[in-house]
Structure formats: structure tokens, C-alpha cells
Amino acid sequence: MKPLFLLATLLLPVFPCFAQDTNAPKPIVFSVGVLPFAETAATKDTGAAAAELLSAQLGMSGRFVLVERASLDSVLSEQGLGISGAVDSKSASTLGKLMGAQILITGRVFKAGETTYCIAKAISVTTGRSLPAQTMLKGGNWLEATKSLAKSLDTSIQKAAADMAPQHETHEQQVARLKKLTAGKKLPSVYISIPEKHLTRVIPDPAVETEIGLILQKLGFVIKTASKDADYTLTGEAFSERASQVGNLISCRARCEIILKQQAAPDQKVVNRVTTGAVDTAENTAAKTALQHAGAQLAEWIVVELIQ
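Conventions adopted
Residue numbering note: each chain is counted from 1, following its sequence as written. In keeping with the model being predicted, local features are shown solely for residues with a pLDDT of at least 70 and side-chain atom pairs are shown and tallied solely at 80 or more, while totals for entire chains, interfaces and linings include all residues. Water and hydrogen atoms were dropped before computing side-chain values, which therefore reflect all heavy atoms in the structure. Grid spacing is 1 Å over the protein atoms alone, the probe is 1.4 Å, and a cavity is where that probe fits but cannot get out, while a pocket is an open set with protein on both sides within 12 Å along at least five of seven lines and lining residues have an atom within 4 Å of a point. Grid points are joined across faces, edges and corners, and a volume is the space filled by probe spheres set on the points. Per the convention used, a helix needs a DSSP run of H or I reaching at least four residues, while a strand needs a run of E reaching at least two, with both numbered from the N terminus. Ten residues, namely Ala, Val, Leu, Ile, Met, Phe, Trp, Tyr, Cys and Pro, are considered nonpolar, four, namely Asp, Glu, Lys and Arg, are considered charged, and the remaining ones, Gly among them, are considered polar. Note on classification: 1.4 Å probe, protein chains only; a residue is buried when its accessible area is under 20% of the maximum for its type, exposed when over 50%, partly exposed between these limits. What counts as an axis is a line fitted to C-alpha atoms, over the stretch in contact for a helix, and the angles between N-to-C directions run from 0 to 180 degrees. If an angle is under 35 degrees, it is roughly parallel; if it is over 145, roughly antiparallel; if it lies from 65 to 115, roughly perpendicular; otherwise it is oblique. By the definition used in this description, the sense in which the near helix is turned from the far one sets the handedness, with an anticlockwise turn below a right angle giving left-handed and a clockwise turn giving right-handed. What makes two residues a contact is simply this: any of their non-hydrogen atoms within 4.5 Å. Any two strands with at least two DSSP bridges between them are considered paired. Looking at any residue, its pLDDT shows the predictor's confidence there, from 0 to 100. Residue count minus one, scaled by 1.5 Å, sets the expected span of a helix. Between Lys or Arg on one side and Asp or Glu on the other, a salt bridge is scored when a side-chain nitrogen of the former is within 4 Å of a carboxyl oxygen of the latter.

- By the naming in an unreviewed UniProt entry, the protein chain goes by Curli production assembly/transport component CsgG and is assigned to Oceaniferula flava.

1. A word on the layout of surface pockets
Phase 1 of the analysis: One number sums up the size of the largest pocket: a volume of about 940 Å³.
Phase 2 of the analysis: Lining the largest pocket are 26 residues, and of these His168, Glu169, Gly277, His293 and Gln297 sit closest to its centre.
Phase 3 of the analysis: For the lining of the largest pocket, the secondary structure elements donating two or more residues are helix 4 (89-99), helix 7 (171-182), strand 12 (265-280) and helix 9 (283-307).
Phase 4 of the analysis: Among the residues forming the lining of the largest pocket, the class breakdown is seven nonpolar, 14 polar and five charged.

2. Things to note about the environment of Ser156
Phase 1 of the analysis: Among the structural elements, Ser156 can be located in helix 5 (residues 142-159).
Phase 2 of the analysis: Here Ser156 falls in the partly exposed class, since its relative accessible area comes to 23%.

3. With respect to the packing of helix 7 against helix 8 (residues 207-219)
Phase 1 of the analysis: Running from amino to carboxyl end, helix 7 crosses helix 8 at an angle of 50°, the nearest separation of the two axes being 9 Å. Of the possible angle classes, the one that applies to helix 7 and helix 8 is oblique. Our pair here, helix 7 against helix 8, has a crossing hand that is right-handed. Listed contacts from helix 8 to His171, Gln174, Val175, Leu178, Lys179 and Thr182 of helix 7 are Glu211, Leu214, Ile215, Lys218 and Leu219.

4. Some thoughts on the pairing of strand 5 (residues 115-124)
Phase 1 of the analysis: Across ten bridges, the pairing between strand 4 (residues 103-112) and strand 5 is antiparallel. When the sheet's bridge partners are listed, Ala112 is paired in strand 5 with Thr115.
Phase 2 of the analysis: In this structure, the hairpin formed by strand 4 and strand 5 is closed by a connection of two residues, where Gly113 is found at a positive phi of approximately 70°.
Phase 3 of the analysis: Both strand 5 and strand 6 (residues 130-137) contribute to a ladder of eight bridges, which runs antiparallel. Following the sheet pairing, Ala120 is matched in strand 6 by Ala133.
Phase 4 of the analysis: Counted between consecutive antiparallel strands, the loop separating strand 5 from strand 6 contains five residues, among which Gly128 sits at a positive phi close to 80°.

5. Focus: the confidence of the model for the protein chain
Phase 1 of the analysis: On average, residues of the protein chain score 83 in pLDDT, and 81% of them are at 70 or above.
Phase 2 of the analysis: When the elements of the protein chain are averaged for pLDDT, helix 1 (residues 3-11) gives the smallest value, 45, and strand 7 (residues 189-193) the largest, 97.

6. Brief notes about helix 2 (residues 47-60)
Helical geometry: 3.6 residues make up each α-helical turn, so side chains three or four residues apart lie on a common side.
Phase 1 of the analysis: Between its first and last C-alpha atoms helix 2 spans 20 Å; for 14 residues at 1.5 Å apiece the expected length is 20 Å, and the two agree.
Phase 2 of the analysis: Most of helix 2 is tucked away: ten of the 14 residues are buried.
Phase 3 of the analysis: Among all positions in helix 2, only Gly47, Ala49, Ala50, Ala51, Leu53, Leu54, Ser55, Ala56, Gln57 and Leu58 are buried.

7. Notes on the pattern of salt bridges
Phase 1 of the analysis: What the rule picks out here adds up to seven salt bridges.
Phase 2 of the analysis: Across the pair Asp163 and Arg129 runs a salt bridge, and its minimum N-O distance is 2.6 Å. Taken together, the positions of Asp163 in helix 6 (residues 161-164) and Arg129 in the loop between strand 5 and strand 6 put the pair 34 residues apart, joining distant regions of the chain.
Phase 3 of the analysis: Owing to a relative accessible area of 38%, Asp163 belongs among the partly exposed residues under this scheme.
Phase 4 of the analysis: Ionic pairing is found between Glu283 and Arg242, a salt bridge with its closest N-O pair at 2.8 Å.

Shown next as C-alpha cells:
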């Protein structure tokens with residue numbers, strides 16, 4: 001076993017995390033994946049252990065939930081990435097979703113002259129924003145170096161929380177927000193028909209149509225069962241497809257295209273489309289969730305069009 005790996009193994013259960021201010025506002029907890037750090041010939045056999053020590057520091061702070069090493073290795077192998085796990089903002093989105101992480105941390109250990117430096121970058125899976133941090137190794141004390149790095153990353157991520165991991169709006173929150181737009185307005189009746197299919201298997205019930213109809217109904221729109229009886233007709237099609245699998249996690253992608261017409265002006269129409277994704281342990285559920293997300297996004301646009 002390499003000396004630095006031995007140090008990581010021995011110190012993980014016992015070293016203290018950086019101090020926390022008990023009077024400060026309750027921090028946001030993020031799910032984080034720390035990838036093995038890249039290294040040079042002069043810093044060989046330090047990258048993976050440095051990342052392990054950093055992971056432990058972040059985990060012990062109470063502000064981060066760490067993705068398991070097995071999941072990290074599985075995703076990196078599946079995506080054909082090397083041991084460094086170096087990623088950019090574009091690939092971070094895909095990797096983060098497969099790992100179940102909101103933030104990915106990548107880094108590098110290198111020497112400049114006689115000094116060893118350890119730099120890191122926290123990348124938001126959602127927005128692509130990155131936050132840098134760096135430290136230098138003093139007297140071979142990797143514990144203090146990674147402790148300093150963890151504290152710097154923790155502070156930066158908490159300050160930029162809204163950009164690093166925007167909070168997902170729930171169905172109830174979306175409906176409450178849209179109710180403010182429709183308040184006091186005369187709402188037209190709508191007929192909805194959006195058939196959908198999953199390309200590798202049959203999955204019953206149209207998730208897009210259901211989600212849009214549910215949101216419109218909660219806002220006060222009347223949903224008609226026959227197109228001739230409605231003020232507007234909403235038609236289209238949707239499909240979902242299995243994307244990839246890592247371990248027991250299956251990701252699916254979905255696309256929906258819709259056409260909105262007013263009965264009083266049948267020769268006019270407005271169109272829209274959206275592509276979404278979701279991850280779950282079951283393919284059917286992942287596909288349905290991706291389609292549901294598509295419906296929720298399109299409902300936003302539909303409501304605006306209907307009340308104009």
C-alpha cells in the first residue's frame with residue numbers, strides 16, 4: 001500500500017473536521033461526488049488519496065452527502081474516463097445525474113519548483129458554474145492541506161448555493177405560482193390529446209397529458225373530453241427512451257412536441273417542444289418521470305398562451 005493511501009486509511013475515522021459556527025443559519029446540504037485528482041510524474045500516487053482525504057473532510061462537515069466510491073468508479077468506467085476523472089462543465093451534467101450528485105469536484109496535484117500544490121474545482125451539475133480552490137502542501141502534511149481545501153470549497157459553495165444547486169420547484173409550488181398569473185382571469189376550456197410511447201417497451205398511461213391536465217385543472221381550467229366542446233385543443237406526441245445504466249441506476253430521456261389551437265381560429269396554431277431526462281432504479285419509472293417533467297415544463301408555456 002502506498003504511504004499516502006495508508007495515511008488516508010488511518011486518518012479517515014479520527015481527524016477533526018473544520019470548525020462550524022453553531023449560530024450561523026442552517027446550511028444547505030449538497031450531494032457531492034469527489035473524483036480522483038489528476039497527478040503528474042512528480043506527484044505520482046497522490047491524486048486518489050488526496051481526493052479521499054478531501055471527501056472525508058467534506059463529509060464530516062455535515063454539509064455534504066458524498067457519493068460512494070463504487071458509484072464514482074462505475075460511472076467513470078462506463079463513460080470511458082481515465083483515473084483522473086477530469087471533467088468539464090458539459091460532461092459534469094451527464095456524470096452528475098448518473099452519480100446522483102448535484103456538484104462534482106475534480107482537481108490536480110502538481111509540483112512547481114520544490115512546492116507541491118493541490119487545486120480543486122467544484123462544478124454545478126445543473127448550471128455548469130465552477131468554483132476554484134487551491135492550497136499547498138507544507139511539510140508533507142496532507143491532512144492540513146486537504147482540510148484547507150475543504151474549508152475553501154465549503155465556504156464558496158455555501159455562498160453560491162443558489163447557482164451551484166438551484167432548488168427544484170415542487171408540483172405544489174409550481175401550481176401556487178401559476179395561480180397568481182391566472183387569478184381574476186376568465187379561463188377557457190381545453191381538450192388535451194398527447195399520445196406517447198416508450199421505444200423499448202410498452203408503458204401504459206400518458207404521463208405528459210396527465211401532468212398538463214392536472215396542472216390546468218388545479219388552476220381552474222375546464223378539461224373537455226371532446227375537442228368540439230373546447231375553446232382550445234392541445235395535441236401532440238411524446239416518446240421516451242432508455243439512455244444508459246450505471247449500477248442499478250437507469251436513465252431515460254423524453255421528448256414532447258405539442259400544438260395549441262383555438263377553436264375560433266382553426267387556421268392558426270402555436271407550437272412548442274421540450275426534451276427532458278430522469279434517473280431511477282426502474283426503467284418504467286425513469287421514463288414516466290422524464291415525461292412528467294416534460295409535461296410540467298410545457299404546462300408553464302401553455303398557461304401563458306391560454307390567458308393572453
